[in-house]
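One-letter residues, chain by chain:
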Amino acid sequence: MAFIEAQGLTRKYNSSVFALNDVTFSVEKGEWLAVMGPSGSGKSTLLNVLGCLDAPSAGNARVEGIDLAQLRGDALARFRAEKIGFVFQQFHLVPYLTAVENVMLAQYFHSLADEQEAADALRRVGLGDRLQHLPSELSGGEQQRVCVARALINQPNLILADEPTGNLDEVNETIVMGLFTELHREGHTILMVTHDPEIGRMAERRIELHHGRLTDVSVFPAGEEELIDNLLKAVWHAYEDFPGDPIVADKFPEFIRNRATFQLMAQEELVRNESGMLAMSPRGEGRARSVIRRHRLAERLFFNTFGLDETLLDANACRIEHTLGAEVVEKLCIFLNHPDTCPHGSPIPRGACCPAK
Ligand code: ADP
């Protein structure tokens, strides 16, 4: 049985608004799922139903085998406190309680409050020196980190996060997403609502809602082909820079930022991810060779022919490399007399047009 099983979930408002419409999906233990879709598509409603903050009009959901519809009173409160950690876009911190007291409040609903434990949770999110601050004395990013500490204090198996970086600037977004990456690595199951494709790609899998209906994103979304080229290039560069070294997926920044895309790339047999080690498959290698060749030939063209400054080559080549067709690349290679290296000295993979060596 999967960790979460949602079957035909429907949430109807009035007689005509379907916030959720017959939504069926499952989530495995330890999986990180992004719930995406435009505003008003039912994302928050789905999270609220799974967190027992709202009840479906039809259908049912099970979390770790527990049928949510059967939970009442104390059992319902216990389920929320013990099994689930919530992180919302609006922080929902109690304004007159300090950071450590806000975390202890969540403990209180679960067991005896333990200040030491609450302080440890805050240290873990980098707020060891902010324990006695009120929410108003903390920045947005710090308040959200208090929320993450609060969500974790009862060691829930399931973390439900609703646009957790929606109110944060870029620096704090990176810090908070770093925390989620760690939680995922530790085996927590995470369901994260976001409308931001960059955040969505950090998850392992994405589902998308439109008008309350689910569409599984199992094919590459439009516009993602360029991203795939760039990720293959990054793997190629790692091969070139550290030949023979294995690539540890969870230490490879591009992987951390694009888990979902790498998952799809593995399905498409462009890469392999076995026991946490990332490797290019023959298919991926062919595609990477082609994009590296286009990039370095474009750099050569800009440098040899137009005398473009060396510092501008990479960015300009990146701009056109995805648009060059095979025929143009061949003509370019012939025009440049089959160069061996790019202007920075890296080898240009040879093409069918290149004379044998
Ligand atoms: P999202 O999180 O994707 O922005 P929501 O789950 O908040 O979407 O809302 C889905 C739909 O349900 C929207 O059309 C919204 O207007 C409607 N809705 C949400 N809450 C209520 C409510 N309490 N009463 C009536 N309609 C609601």
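The model shown is predicted, which means the values in this text are computed figures rather than measured ones. (Residues numbered from 1 in each chain as written. Predicted model: local features only at pLDDT ≥ 70, side-chain atom pairs only at ≥ 80, totals over all residues. Heavy atoms only, no water.)

Together, Glu 101, Asp 114, Glu 115 and Glu 117 give the surface a local cluster of negative charge. Tracing the sequence through the fold places Glu 101 in helix 3 (residues 99-108). (Patch = residues over 30% accessible without salt bridge, like charges linked within 9 Å, V, L, I, M, F, W, Y side chains within 5 Å. Areas by Shrake-Rupley, 256 points an atom, 1.4 Å probe, with all protein chains shown as cover. Salt bridge = Lys/Arg side-chain N within 4 Å of Asp/Glu carboxyl O. Lys, Arg positive; Asp, Glu negative; His and termini not counted. Charge placed at Lys NZ, Arg CZ, Asp CG, Glu CD. Helix = DSSP H or I, 4+ residues; strand = E, 2+ residues; numbered from the N terminus.)

The next thing to look at is the domain arrangement of the protein chain. Domain boundaries in the protein chain define domain 1 (4-218) and domain 2 (224-280). The centre of domain 1, based on its C-alpha atoms, is set 28 Å off from the matching centre of domain 2. In this assembly, 14 residues from domain 1 lie in contact with 12 residues from domain 2. Three residues, Arg 201, Met 202 and Glu 204, lead the burial of domain 1 against domain 2; their summed loss comes to 48% of the area buried on that side. (Domains from an automatic or database assignment. Contact = heavy atoms within 4.5 Å. Buried area = accessible area lost by both parts, 1.4 Å probe.)

Of the volumes computed, that of the second largest pocket is approximately 330 Å³. Looking at the second largest pocket, it is lined by 14 residues, and the ones nearest its centre are Glu 173, Thr 174, Glu 198, Met 202 and Arg 257. Among the elements of the structure, helix 6 (170-185), helix 7 (197-200) and helix 9 (253-257) are those that each provide at least two residues to the lining of the second largest pocket. Residues lining the lining of the second largest pocket come from more than one domain, with at least three contributed by each of domain 1 (4-218) and domain 2 (224-280). (1 Å grid on protein atoms, 1.4 Å probe; cavity = no way out; pocket = protein on both sides within 12 Å on 5 of 7 lines; lining within 4 Å. Points joined across faces, edges and corners; volume = space filled by probe spheres on them.)

Further remarks concern the site of the ligand. Taken together, the neighbourhood of the ligand is formed by Tyr 13, Ala 19, Pro 38, Ser 39, Gly 40, Ser 41, Gly 42, Lys 43, Ser 44 and Thr 45. Between the ligand and the protein, one listed contact pairs an oxygen atom with a backbone N or O atom of Gly 40 at 2.7 Å. Here an oxygen atom of the ligand sits 2.8 Å away from a polar atom, N or O, in the side chain of Ser 44. Starting from 560 Å² of accessible surface for the ligand in isolation, the protein chains cover 58%. When residues in the shell around the ligand are grouped by element, the largest group, three residues, is from helix 1 (residues 43-50). Class assignment for the residues of the shell around the ligand results in three nonpolar, six polar and one charged. (Near = heavy atom within 4 Å. Polar contact = N/O pair within 3.5 Å; in protein donor to acceptor, adjacent residues only side chain to side chain. Nonpolar A, V, L, I, M, F, W, Y, C, P; charged D, E, K, R; others polar.)

Right, let's talk about the packing of aromatic side chains for a bit. Describing an aromatic ring pair means giving the distance of the ring centres and the angle of the ring planes. Counting across every chain of the model gives three aromatic pairs. Plain terms: the ring middles of Phe 86 and Phe 88 are 5.5 Å apart, the flat faces sit at 10 degrees to each other, and that makes the pair stacked. Seen in terms of ring centroids, Phe 302 and Phe 306 are 6.1 Å apart; in terms of plane orientation they differ by 40 degrees. Their pairing is tilted. Judged by relative accessible area, which is 55%, Phe 306 ranks as exposed. (Phe/Tyr/Trp six-rings, centres within 6.5 Å; stacked < 30°, edge-to-face > 60°. Buried < 20%, exposed > 50% of the residue type's maximum accessible area, 1.4 Å probe, protein only.)

For the rest of this paragraph, the subject is the side chain of Arg 150. If you trace the backbone, Arg 150 turns up in helix 5 (residues 140-152). Among buried Asp, Glu, Lys and Arg side chains, Arg 150 stands out as unpaired, with Asp 162 the closest opposite charge at 12 Å. In contact with Arg 150, not counting residues within four places along its chain, are Phe 91, His 92, Leu 93, Asn 102, Val 103 and Ala 106.

The next point concerns the packing of helix 8 (residues 224-241) against helix 10 (residues 259-267). Running from N to C, helix 8 and helix 10 point in directions that differ by 85 degrees, and their axes come no closer than 11 Å. Relative to helix 10, helix 8 is oriented roughly perpendicular. For the pair formed by helix 8 and helix 10, the contact residues are Glu 224, Leu 227, Ile 228, Leu 231, Leu 232 and Val 235 on the first element and Thr 261, Phe 262 and Met 265 on the second. Looking at the contact of helix 8 with helix 10 residue by residue, the classes come out as seven nonpolar, one polar and one charged. (Axes fitted to C-alpha atoms, helices over the stretch in contact; angles between N-to-C directions. Parallel < 35°, antiparallel > 145°, perpendicular 65-115°, else oblique.)

Before going further, it helps to spend a moment on the sheet that holds strand 2 (residues 17-27). Spatially, the four strands line up as an open sheet ordered 2-1-4-5, and their pairing is antiparallel. Bordering the open sheet on either side are strand 2 and strand 5 (66-67), each of which pairs with just one other strand. As judged from the two bridges shared by strand 4 (residues 58-63) and strand 5, these two strands associate in the antiparallel manner. When the sheet's bridge partners are listed, Val 63 is paired in strand 5 with Ile 66. Sitting on the sheet, helix 1 is in contact with strand 1 (4-13), strand 2 and strand 4, with an inclination near 60 degrees to strand 2. (Pairing = 2+ DSSP bridges.)

For the rest of this paragraph, the subject is the nonpolar core. Ranked by internal contacts, the top residues of the largest apolar core, which has 40 residues, are Trp 32, Leu 122, Val 146, Phe 180 and Met 192. The element best represented in this core is helix 5, accounting for six residues. (Core = buried A, V, L, I, M, F, W, Y, C linked by side-chain atoms within 4.5 Å.)

Turning to the pattern of salt bridges, a few remarks are in order. Within this structure, the stated rule accounts for 15 salt bridges. A salt bridge links Lys 83 to Glu 64, with the nearest nitrogen and oxygen atoms 3.3 Å apart. On the criterion of sequence distance, the pair formed by Lys 83 in helix 2 (residues 73-83) and Glu 64 in the loop between strand 4 and strand 5 is long-range, its members being 19 residues apart. Relative accessible area serves as the criterion here: at 25%, Lys 83 is assigned to the partly exposed category. A single salt-bridge network, built from bridges that share partners, covers Arg 124, Glu 182 and Glu 186.

For helix 13 (residues 326-335), every residue scored as buried is listed here: Val 329, Leu 332 and Cys 333. Buried residues along helix 13 cover an arc of 100 degrees about the axis, so they all sit on one side. Of the exposed residues in helix 13, the ones pointing more than 90 degrees away from its buried face are Glu 327, Lys 331 and Phe 335. Of the surrounding secondary structure, the elements contacted by the buried residues of helix 13 are helix 11 (282-305). (Arc of directions from axis to C-beta.)

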